[in-house]
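Fold and geometry: a report
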Amino acid sequence: MKTAIVTGAGQGIGRAIALRLARDGFAVALADINPAALSAVRGEIESAGGKAIGVEVDLSQVAEIQCLVKQTVAELGQLDALVNNAGRQITKPFLDVTEADWDALLELNLKTVFFGMQAAARHMIGSGTKGRLVSISSISGRGGRPDQTPYSAAKAGIISLIRSAALAFAPHGITVNAVCPGIVDDIHKEFERLKALGVKFKADAPVAIEEGVNKGGYTIYFTDPDGITLELLQPPK
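So, how was this worked out
- Residues numbered from 1 in each chain as written.
- Predicted model: local features only at pLDDT ≥ 70, side-chain atom pairs only at ≥ 80, totals over all residues.
- Heavy atoms only, no water.
- Helix = DSSP H or I, 4+ residues; strand = E, 2+ residues; numbered from the N terminus.
- Contact = heavy atoms within 4.5 Å.
- Areas by Shrake-Rupley, 256 points an atom, 1.4 Å probe, with all protein chains shown as cover.
- Buried < 20%, exposed > 50% of the residue type's maximum accessible area, 1.4 Å probe, protein only.
- Polar contact = N/O pair within 3.5 Å; in protein donor to acceptor, adjacent residues only side chain to side chain.
- Axes fitted to C-alpha atoms, helices over the stretch in contact; angles between N-to-C directions.
- Parallel < 35°, antiparallel > 145°, perpendicular 65-115°, else oblique.
- Left-handed = near helix turned anticlockwise from the far one by under 90°.
- Expected span 1.5 Å × (residues − 1).
- Bend = angle between axes of the 7 residues up to and from the residue.
- Nonpolar A, V, L, I, M, F, W, Y, C, P; charged D, E, K, R; others polar.
- Pairing = 2+ DSSP bridges.
- Right-handed = clockwise from strand over helix to strand, strands pointing away.
- Salt bridge = Lys/Arg side-chain N within 4 Å of Asp/Glu carboxyl O.

1. Focus on the overall build of the chain
Within the chain one finds 8 helices and 7 strands. Within the chain, contacts between residues separated by at least 24 positions form 69% of all contacts whose residues are at least 6 apart in sequence. By element, 55% of the accessible surface of the chain is carried by carbon and sulfur atoms, the whole surface being about 11300 Å².

As structure tokens, this is what we get:
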């Protein structure tokens, strides 16, 4: 049985990815800072006949990322895929962003992706595993947003990171890719709230389809054995 780690697996896109991986036969290490959310998702997987472990982890601590990989291998036997999904955003005008805002967003949305890939790749190379590294970026990382500047910068950084990592790990048979979602169900309420406050959106603002990012389908595309690497997937314009 193949094994995958999914960070930020307690809700939203991470939960959907974890459920889909389990449905496709993966044993899943669910990583999140929220133990109650972890327990709920683990219960969903196990009640459907799948296999999962929950790992409470603070991804801002590199040592905890390294322990996450070690615990996954110790309890599930191997590591075949890592999905870097954990992240957060703030909506604030460019001139109001503080140093604390910047540091917090870059730490969770970019630093954790780098050190997650590093820890997973070290194990994969050491074990001879031709693994899969998938990171969740965003359409904001492709075009920027004036009200989400640190978030957009971090997500753009992910795109650069996966290009470097793909080149670094190709000789080892490890593929590296990114998914760039648009708006998904979990933030539809926030979308409506902003519209009510008078924030203007393009009429064709991208929305991730139910069987796309929101159900983990795009990410599964990168965990297949075909060896696709250095690619971005994003909603159609």
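Let us keep going from here.
2. Re the side chain of Gln-148
Turning to its location among the elements, Gln-148 is positioned in the loop between α5 (140-143) and α6 (149-169). What makes Gln-148 buried here is its relative accessible area of 3%. A distance of 3.3 Å separates polar atoms of two side chains, one belonging to Gln-148 and the other to Thr-91.

3. Comments concerning the packing of helix α1 (residues 12-23) against helix α2 (residues 35-47)
Between α1 and α2, whose axes approach to 10 Å, the crossing angle comes to 25 degrees. Here α2 runs roughly parallel to α1, going by the angle between their axes. For the element pair α1 and α2, the recorded crossing hand is right-handed. Listed contacts from α2 to Arg-15, Ala-18, Leu-19 and Ala-22 of α1 are Val-41, Glu-44 and Ile-45.

4. Focus: the environment of Val-179
Position of Val-179 relative to the elements: it lies in strand β6 (residues 175-179). The buried category is assigned to Val-179, whose relative accessible area is 1%. Between the C-alpha atoms of Val-179 and Ile-136, which are 43 residues apart in sequence, the distance is 5.0 Å.

5. Some words on helix α4 (residues 99-127)
Relative to the 42 Å expected for 29 residues at 1.5 Å per residue, α4 spans 40 Å between its end C-alpha atoms, a close match to the ideal helical length. Maximum bend of α4: about 40 degrees, positioned at Glu-107. Once α4 ends, the next one or two residues include Gly-128, with phi positive near 75 degrees.

6. Regarding the packing of helix α3 (residues 62-76) against α4
Where α3 contacts α4, the axes come no closer than 9 Å and their chain directions differ by 35 degrees. Crossing of α3 against α4: the hand is right-handed. Mapping the contact onto sequence places Val-62, Ile-65, Gln-66, Val-69 and Val-73 in α3 and Lys-111, Thr-112, Phe-115, Gly-116, Ala-119, Ala-120, Arg-122 and His-123 in α4. Across the contact of α3 with α4, the residue classes tally to 7 nonpolar, 4 polar and 2 charged.

7. Comments concerning the pairing of strand β2 (residues 27-32)
If a strand is regular, its side chains alternate between the two faces of the sheet. Taking burial as the measure, the 6 residues of β2 include 6 buried ones, the bulk of the element. Neither face of β2 is exposed, since Ala-27, Ala-29 and Ala-31 on one face and Val-28, Leu-30 and Asp-32 on the opposite face are all buried. Note: strand β1 (residues 3-7) against β2, 5 bridges, orientation parallel. The residue of β2 that forms the bridge with Thr-3 is Ala-27. In this fold, β1 hands off to α1, which returns the chain to β2; that crossover is right-handed. Strand direction decides the pairing type here: β2 and strand β3 (residues 51-56), joined by 6 bridges, are parallel. Directly across from Ala-27, in β3, lies its bridge partner Lys-51. With respect to chirality, the unit in which β2 leads through α2 into the neighbouring parallel β3 is right-handed.

8. Regarding the pattern of salt bridges
Scanning the entire structure with this criterion turns up 6 salt bridges. Close ionic contact of Glu-44 with Arg-15 constitutes a salt bridge, the shortest N to O distance being 2.8 Å. Residue Glu-44 is located in helix α2, and its partner Arg-15 is located in helix α1; the two are separated by 29 residues in the primary sequence. Exposure remark for Glu-44: the relative accessible area of 31% places this residue in the partly exposed category. With relative accessibility at 31%, the residue Arg-15 sits in the partly exposed group. The partner of Arg-20 in a salt bridge is Asp-24, and the shortest N-O contact between them spans 3.2 Å.

9. Some words on the pairing of strand β4 (residues 81-84)
What you see with β4 is no split at all: Ala-81 and Val-83 on one side and Leu-82 and Asn-84 on the other are buried throughout. Here β1 pairs with β4 via 3 bridges, running parallel. Bridge pairing in β4 places Ala-4 opposite Ala-81. Relative to strand β5 (residues 132-136), β4 runs parallel, the two being bridged by 4 bridges.

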